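Coordinate analysis (summary)
So the chains spell out like this:
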Amino acid sequence: MDPFDAGAGGLLRQPRAVWATAGASVVAFMGIGLVDPILPSIAGGLNATPGQVSLLFTSYFLITAVAMLLTGFVSSRIGGRRTLLLGLAFVVVFAGLAGTSGSVGELVGFRAGWGLGNALFVSTALAVIVGAAAGGSAAAILLYESALGLGMACGPLLGALLGDASWRYPFFGTAFLMAVGFLCIAAFLKEQPKPARKTSLLDPLKALGHGGLASAAVSAFFYNYTFFTVLAFTPFVLNMSPYRSGAVFFAWGVLLAVFSVIVAPRMQKRFGSLKVLGGSLVLLAADVLVLGYGDHTTAIVCTILSGAFIGVNNTVYTELALGVSDAPRPVASAGYNFVRWFAAAAAPFFAPRIEEWTGSLRVPFVVAAVTAVAGALVVVVRRGALTGEAEELETKHATEDSVTVFAN
């Protein structure tokens, strides 16, 4: 069945519960890049250094990483609908509180609570969408991936539009939109069947005992350091107004979405997952190196271009992680994300401090280029443990409910 078919079960003919969950997913993913255009404004408004403001990402993703061990434990006990609503409630409360912050310490703390809510929501959303969708999983998965790409693209744009008046408004705006999502899910989504087996807190860690999954997670850890150096540190290097910075990261997000949903699957089909991933990581390394050493215009171009490589990497890493082991997909996803999100927390912390220690804006990007190459080397060295995914992706896991849980 063509997932774009407007007939029964097609992408455009889904129940209201699916649209409600997908809409809330867009806003949830918007929260990742929302603060990008307003980082300099936040620093100015709270008299904070770039290193202090970058902790907004560190606290968010550190809590997200740890929460990966909790999401399956929670959802397998209280059900998907209640887990979504719990996550949304956390986001509404903590995003709203973030807008009232009087110090950077308060803002960092509220972002941590926001990260917990986002982890609970996003890690459950796809399974709920697939369970409620009409006509099988293909259209539901496409809808989820489209929501992810749209959210990553529109987050910086919303941050710029609201943040131009005050850095506080994007946080209030997110709280309002997520409150609307909460009401829609409460009204339209019925409770989904609970899993036959409850997930323990240690199951994701046990899944990492598989060599292929561990290799994918370690490689993704290095890659995510590069990814979030671009996302969290580049706004200070560009030093642009919220509108202009938002436009740059909107273009970045559009490329990310297009290459993740459309280009990456076609490249995988033609060249194979490992070749595509290794090549894309090397190209990303070259891109961030040029970003660090180029002039202002070059930095803008390379920032936008990095979205293409990041989109490809996100898709391929997800499929590797979820197809390489025989662990249930929610469990494999939780273990994989537990490892890789620690890098998303580390990069925003270390990048500005490396700049302070060395007195050079270039060195953080050199480090980011090295970590991207390290990720590629892990793929090359561990290709024997990773090659088993290629033949199984389209058969063994084609219709499982959690195909790309918290994928990107």
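Keep in mind the model is a prediction, meaning the values are calculated, not measured. (Residues numbered from 1 in each chain as written. Predicted model: local features only at pLDDT ≥ 70, side-chain atom pairs only at ≥ 80, totals over all residues. Heavy atoms only, no water.)

1. A closer look at the overall build of the chain
The helix and strand inventory of the chain stands at 17 helices and 0 strands. Residue burial in the chain is summarised as follows: out of 408 residues, 58% are buried. Once local pairs closer than 6 in sequence are excluded, the contacts in the chain between residues at least 24 apart make up 86%. Accessible surface, the chain: about 15300 Å² in total, of which carbon and sulfur atoms supply 67%. (Helix = DSSP H or I, 4+ residues; strand = E, 2+ residues; numbered from the N terminus. Buried < 20%, exposed > 50% of the residue type's maximum accessible area, 1.4 Å probe, protein only. Contact = heavy atoms within 4.5 Å. Areas by Shrake-Rupley, 256 points an atom, 1.4 Å probe, with all protein chains shown as cover.)

2. A short note on the environment of alanine 232
In this structure, alanine 232 sits in helix H10 (residues 211–238). On the basis of relative accessible area, alanine 232 is assigned to the buried category, the value being 2%. Along the backbone, alanine 232 and valine 35 are 197 residues apart, and their C-alpha atoms lie at a distance of 8.9 Å. Beyond its immediate sequence surroundings of up to four residues, alanine 232 is in contact with Leu39, Phe57 and Pro348.

3. What about the packing of H10 against helix H11 (residues 242–271)?
Packing of H10 against H11 brings their axes to within 11 Å, and their N-to-C directions diverge by 155 degrees. In terms of axis orientation, H10 runs roughly antiparallel to H11. Judged by the sense of rotation from one axis to the other, the crossing of H10 with H11 is right-handed. Between H10 and H11, the contacting residues are Phe227, Val230, Leu231, Thr234, Pro235 and Leu238 on the first element and Val248, Phe249 and Trp252 on the second. Looking at side-chain class alone, the contact of H10 with H11 contains 8 nonpolar, 1 polar and no charged residues. (Axes fitted to C-alpha atoms, helices over the stretch in contact; angles between N-to-C directions. Parallel < 35°, antiparallel > 145°, perpendicular 65-115°, else oblique. Left-handed = near helix turned anticlockwise from the far one by under 90°. Nonpolar A, V, L, I, M, F, W, Y, C, P; charged D, E, K, R; others polar.)

4. Remarks on helix H4 (residues 55–78)
Because each turn of an α-helix spans 3.6 residues, side chains separated by three or four positions in sequence point in the same direction. Taking 1.5 Å per residue as the helical rise, H4 with its 24 residues ought to reach 34 Å, and the 32 Å between its terminal C-alpha atoms agrees with that figure. Taking the largest bend as the criterion, H4 deviates by roughly 45 degrees, centred on methionine 68. Two residues or fewer after H4 comes glycine 79, characterised by a positive phi angle close to 95 degrees. (Expected span 1.5 Å × (residues − 1). Bend = angle between axes of the 7 residues up to and from the residue.)

5. Re unusual backbone geometry
One non-glycine residue, asparagine 47, lies in the positive phi region at around 50 degrees. In this model, asparagine 239 sits at a positive phi of 50 degrees, which is unusual for a non-glycine residue. Within the element layout of this structure, asparagine 239 appears in the loop between H10 and H11. Judged by relative accessible area, asparagine 239 falls into the exposed class, the value being 58%.

6. Quick look at the side chain of threonine 303
With respect to the helices and strands, threonine 303 occurs in helix H13 (residues 296–323). Under the relative-accessibility criterion, threonine 303 is labelled buried at 0%. If sequence neighbours within four positions are ignored, threonine 303 has contacts with Val230, Thr234, Leu238, Val248, Phe249, Trp252 and Leu291.

7. Describing the environment of alanine 344
Among the structural elements, alanine 344 can be located in helix H14 (residues 329–358). Overall, the relative accessible area of 0% leaves alanine 344 in the buried class. Expressed as a C-alpha distance, the spacing of alanine 344 and tyrosine 223, which sit 121 residues apart in the sequence, is 9.3 Å. When residues no more than four places from it in sequence are discounted, the contact partners of alanine 344 are Phe57, Phe61, Asn224 and Phe228.

8. Some details on the side chain of threonine 229
You can see threonine 229 is positioned in helix H10. Apart from the residues lying within four places of it in its own chain, the contact partners of threonine 229 are Thr234, Ala347, Ala351, Pro364, Phe365 and Ala368.

9. Regarding the confidence of the model for the chain
Looking at the chain, the pLDDT average stands at 83 and 88% of residues meet or exceed 70. Within the chain, no element has a lower average pLDDT than helix H17 (residues 389–392), which sits at 46, and none a higher one than helix H15 (residues 363–381), at 97. Across residues 1–9 the pLDDT falls below 50, and counting only partners more than four positions away or on other chains, this stretch makes 19 contacts in the model. Here residues 389–408 scores under 50 on pLDDT; set against residues more than four positions off or in separate chains, the count is 65 contacts. (pLDDT = per-residue confidence, 0-100.)

10. Examining the packing of aromatic side chains
In this description, a pair of aromatic rings is defined by centroid distance and the angle of the planes. Going through the model one piece at a time under the given rule, you end up with 18 aromatic pairs. Ring geometry for phenylalanine 57 and phenylalanine 61: centres 6.5 Å apart, planes at 5 degrees, overall stacked. Within this pair, phenylalanine 57 and its partner phenylalanine 61 are both found in helix H4, separated by 4 residues, close to a single helical turn. If you follow arginine 111 out to its NZ or CZ, it ends over the ring of phenylalanine 57, 6.0 Å from the centre. Its end group placed over the ring of tryptophan 341, arginine 340 keeps NZ or CZ at 4.4 Å from the ring centre. (Phe/Tyr/Trp six-rings, centres within 6.5 Å; stacked < 30°, edge-to-face > 60°. Lys NZ or Arg CZ within 6 Å of the ring centre and 35° of its normal.)

11. Quick notes on a nonpolar patch on the surface
Together, Leu157, Leu161, Tyr243, Phe250, Val254, Val258 and Ile262 line one region of the surface with nonpolar side chains, adding up to about 550 Å² of accessible area. Elements that contribute at least two residues to the nonpolar patch include exactly helix H7 (137–163) and H11. Looking at which element gives the most residues to the nonpolar patch, the answer is H11, with 5 residues. Among the structural elements, leucine 161 can be located in helix H7. You can call leucine 161 partly exposed: its relative accessible area is 46%. (Patch = residues over 30% accessible without salt bridge, like charges linked within 9 Å, V, L, I, M, F, W, Y side chains within 5 Å. Salt bridge = Lys/Arg side-chain N within 4 Å of Asp/Glu carboxyl O.)

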